[in-house]
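A look at the structure
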Amino acid sequence: GRLARCWAEKEPLGCTHLPSAMIRSRVRHWASLRPRLWGDSVTNQACWCPWTAKQTARSFAATAYSSILTELKGDHGNVGLITLNRPKQLNALNKEVCDEVISALQHFDRSSGVKAMIITGQGKAFAAGADIKEMAPVTFKDAVTTQMLAGWEVGIKAIQKPIVAAVNGYALGGGCELAMMCDIAIASPRALFGQPELTLGVIPGMGGTQRMLRAVGKSLAMEVILTDRRLDAYEALQAGLVSKVVEGNGEEPEDALLQEAIRICSKIGTFSAPAVALAKRALRKAEEVGLSEGLDIERQLFHAGFSLNDQKEGMAAFLEKRPAQFTDS
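Summarised in this report is the structure supplied together with it.

Definitions and limits used
Residues numbered from 1 in each chain as written. Predicted model: local features only at pLDDT ≥ 70, side-chain atom pairs only at ≥ 80, totals over all residues. Heavy atoms only, no water. Helix = DSSP H or I, 4+ residues; strand = E, 2+ residues; numbered from the N terminus. Buried < 20%, exposed > 50% of the residue type's maximum accessible area, 1.4 Å probe, protein only. Contact = heavy atoms within 4.5 Å. Areas by Shrake-Rupley, 256 points an atom, 1.4 Å probe, with all protein chains shown as cover. Pairing = 2+ DSSP bridges. Axes fitted to C-alpha atoms, helices over the stretch in contact; angles between N-to-C directions. Parallel < 35°, antiparallel > 145°, perpendicular 65-115°, else oblique.

Comments concerning the overall build of the protein chain
Of the regular secondary structure elements, the protein chain holds 15 helices and ten strands. The burial tally for the protein chain puts 43% of its 329 residues in the buried class. Once local pairs closer than 6 in sequence are excluded, the contacts in the protein chain between residues at least 24 apart make up 64%. Surface accessibility of the protein chain: about 17300 Å² in total, with carbon and sulfur atoms responsible for 56%.

Printed below as a string of structure tokens:
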């Protein structure tokens with residue numbers, strides 16, 4: 001009964017009064033039932049048993065996918081890494097990739113042991129666009145009735161924790177749009193950005209016309225989309241499409257890029273997770289609403305922060321001249 005209530009309420013369960021073998025047996029039993037009761041996987045839930053969030057997240061990170069790899073990174077194992085793993089297809093994005101990336105993001109988002117996430121690509125591409133073999137036979141009816149490509153927008157928009165795009169190579173079409181969906185984008189010197197959809201007789205469909213213009217301005221966005229202009233890493237940096245280019249200084253560019261992405265995520269992980277989520281939400285709203293409404297939203301979220309224990313701890317630590325010990329509460 002306590003285990004069932006814990007699952008439903010997502011509250012910590014001490015279980016200190018039960019033998020460890022019995023705990024494991026009961027948890028396995030409820031784990032087998034939960035997908036039927038709640039309709040989702042339990043591999044990455046970290047709130048229900050004596051095992052730590054890190055352990056449950058590590059269990060999920062070993063999950064086998066067909067098109068992506070998942071792993072925990074960082075000194076504390078609190079960075080979720082998702083690697084697009086179709087190097088022969090230059091990590092082209094198809095429905096399976098979409099489903100698996102969103103699934104992995106959702107699992108990392110639900111794990112209290114993971115503070116931020118990275119998306120990168122295997123090989124010489126971040127993602128070189130949509131899978132044209134899958135897309136070519138689609139009809140107008142198919143596109144409308146299935147809401148083709150909407151899964152990316154809906155899935156990523158629901159993620160509360162920060163997502164860093166580590167753009168290691170080609171980021172074209174859907175790959176460029178995926179990088180722009182992330183909260184922070186950094187690039188290796190080998191990165192190349194573009195929206196070549198007009199060469200295929202279509203237009204960008206994952207946010208390219210909207211986010212490119214907001215990121216780089218009207219004139220450059222028009223040129224990139226209407227003339228198939230490609231932006232190298234340094235042009236993307238100058239235009240504001242990425243926040244930095246990671247050069248490596250003796251390391252392989254991809255290795256240096258990944259280490260910098262991990263460093264960024266690890267730094268985020270030193271702050272209060274709910275406060276980070278509030279800040280991300282306010283920043284995301286700034287992309288969607290006017291200044292006046294955005295200021296109202298920011299103020300409401302600022303006020304909400306005063307409901308957190310971490311607000312009390314952070315301000316007390318500042319006044320006492322000591323490091324804050326945030327508890328994500």
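Quick word on the sheet that holds strand 8 (residues 192-194)
Taken in spatial order, the four strands make up an open sheet running 4-6-8-9, and their pairing is mixed. Looking at strand neighbours, the two that pair on one side only are strand 4 (125-127) and strand 9 (231-232), the edges of this open sheet. Sheet analysis places strand 6 (residues 170-172) next to strand 8, joined by three bridges and oriented parallel. The residue of strand 8 that forms the bridge with Tyr-170 is Leu-192. Sitting on the sheet, helix 8 (residues 174-181) touches strand 4, strand 6 and strand 8, and the angle it makes with strand 6 is about 95°.

What to know about the pairing of strand 7 (residues 184-187)
Pairing geometry for strand 5 (residues 163-167) and strand 7, over four bridges, is parallel. Directly across from Val-167, in strand 7, lies its bridge partner Ala-187. Here two bridges tie strand 7 to strand 10 (residues 244-245), and the two strands are oriented parallel to one another. Across the sheet, residue Ile-186 finds its bridge partner in strand 10, namely Lys-244.

A word on the pairing of strand 5
Taking burial as the measure, the five residues of strand 5 include five buried ones, the bulk of the element. Burial of strand 5 is two-sided: the residues Ile-163, Ala-165 and Val-167 facing one way and the residues Val-164 and Ala-166 facing the other way are all buried. Across three bridges, the pairing between strand 3 (residues 116-121) and strand 5 is parallel. Paired with Met-117 across the strands is Ile-163, a residue of strand 5.

Quick word on the sheet that holds strand 10
Spatially, the six strands line up as an open sheet ordered 1-2-3-5-7-10, and their pairing is mixed. Edge strands, defined here as strands with exactly one partner in the open sheet, are strand 1 (68-73) and strand 10.

Section: the packing of helix 13 (residues 273-288) against helix 14 (residues 291-304)
The contact between helix 13 and helix 14 brings their axes to 10 Å, and the two run at 175°. Judged on the interaxial angle alone, helix 14 and helix 13 are roughly antiparallel. Contacts from Leu-278, Arg-281, Ala-282 and Lys-285 in helix 13 reach Ile-297, Leu-301 and Ala-304 in helix 14.

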